[in-house]
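Take a look at the letters that make up each chain.
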Amino acid sequence: MSEDKIEKSPDPADPQGTPAKKTVSASRTRRVLAAVAVGAVVAAIATIAISGGLNKDDSSSVSVSGGGPAATGSTRDDAFTAAAAGDCLNWTPATESGGDRTDMSKVQCGTEHRFEVAGPLDLSVFPGAEFGPGSRYPGALRFAELRDEHCTPIVMSYLDSKFDPKGKFSVGLMFPSESGWASGERALRCGLQFSTTTGELQPFVGRVADQDQSNVWDVGTCIGINQNLPTDPVDCAKPHAYEVISVIDLGTQFPGAMPSVEDQDRYLEGVCTQASNEYLGSADALRDKTLTLFWDNISLESWLAGSRRVNCSIGKEVETGGFAAITGSAKGEILINGAAPVPPPAAPEGRSLPTPLPGAAPPS
């Protein structure tokens, strides 16, 4: 996805109450948030990768790293070494099994899985001594470089160039553990996965090529918050940055060529506002709860990959950038940074008072 847009109401300081043009100050904020989120994923990947994968002869099996799950090493007939392009792999997370990926198996892609194999990457055929017999284990950063350099082209070829780099899925790499590497394992697998900002792989259903890759969440999903930045989905009863109120398919309005950002905004302003009114139960609820309505845009590279859906969401942008922490679903009573929102005053009878900016403090 590209930048988000935030719908802003007329400036309350304008004595004429002239409607203000739609501003995009939040776009900068959201770009920063997106960059930080990407950084968080990279950090999580590196951290988990450093923990290393383990082969079947070790106490635990394999671990997530380099943007994808690492593989078992020495046994040739396991799910990893037998995996080919188009195969889907699944396992029980460590939080449930106590030993991550000890039960990795090939499954039907129409069922839940955590990794779709796009193709092999055999380091044994690489020239030079870097990956030769007795070579030092590459480590997390080197595996990440290999993923970016070799897996991205493999994935693009596998999907016939229909990969959305800003979409729901990311390029992953499965590689041997240190002990597997020491035993001579050099087979890697490039593929696709759905990971959170913390690097945890989420299950998904169906082959990536057969679905819209749009990075959207279901209606009613609340996205957590950490230091004013969005994280992963949480229960709406917990502090969160924003709540998804609608999923809009731009393909229904724009069946042909990709619409400009301006055309997207003109359309989304109306449908997201209507969705907000319906979701919250009234046209005044957003203003009374001092919340902000915003939506996503689709970039050209995402459109060319087939992505068409965007989210309309509500949260509360803060002056310093990022979001305030909201507790409770916006459909009911909420707290913003621990306090109940104070609705702006109603317009005095017989006098026109411009509508305050959503999220702004009531005028004194």
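The name an unreviewed UniProt entry gives the protein is Septum formation family protein, with Rhodococcus erythropolis as the organism.

Attention shifts here to the pattern of salt bridges. This model, assessed by the stated rule, comprises eight salt bridges. Between Arg266 and Asp263 there is a salt bridge, with its nearest N and O atoms 2.3 Å apart. With a gap of three residues between them, Arg266 and Asp263 both fall in helix 6 (residues 261-280), about one helical turn apart. Residues Asp288 and Arg287 are paired through a salt bridge, measuring 3.9 Å at the closest nitrogen-oxygen approach. For Arg287, a relative accessible area of 22% translates into the label partly exposed. Among the charged side chains, a salt-bridge network with shared partners connects Glu130, Arg142 and Glu145.

A separate point is the nonpolar core. Generally speaking, nonpolar side chains in soluble globular proteins are found buried as a group. One finds Leu250, Leu268, Leu291 and Ile314 to be the most contacted residues of the largest nonpolar core, which totals 26 residues. Here this core gets six residues from one element, more than from any other, and that element is helix 6. Once residues lying within four places of it in the same chain are set aside, the contact partners of Ile314 are Tyr242, Glu243, Ile245, Ser276, Leu280, Leu286, Leu291, Thr292, Leu293, Phe294 and Ala330. One finds Cys151, Phe175, Trp181 and Phe194 within the second-largest nonpolar core, a separate group that totals 22 residues.

With 20 residues, helix 6 should reach 28 Å at 1.5 Å per residue; the first-to-last C-alpha distance of 27 Å fits that figure. Of all the bends in helix 6, the largest measures some 30 degrees and sits at Leu268. All of the buried residues along helix 6 are Gln264, Asp265, Leu268, Val271, Cys272, Ala275, Ser276, Tyr279 and Leu280. After helix 6 finishes, the residue Gly281 shows a positive phi value of roughly 100 degrees.

Thresholds applied
- Residues numbered from 1 in each chain as written.
- Predicted model: local features only at pLDDT ≥ 70, side-chain atom pairs only at ≥ 80, totals over all residues.
- Heavy atoms only, no water.
- Salt bridge = Lys/Arg side-chain N within 4 Å of Asp/Glu carboxyl O.
- Helix = DSSP H or I, 4+ residues; strand = E, 2+ residues; numbered from the N terminus.
- Buried < 20%, exposed > 50% of the residue type's maximum accessible area, 1.4 Å probe, protein only.
- Core = buried A, V, L, I, M, F, W, Y, C linked by side-chain atoms within 4.5 Å.
- Contact = heavy atoms within 4.5 Å.
- Expected span 1.5 Å × (residues − 1).
- Bend = angle between axes of the 7 residues up to and from the residue.

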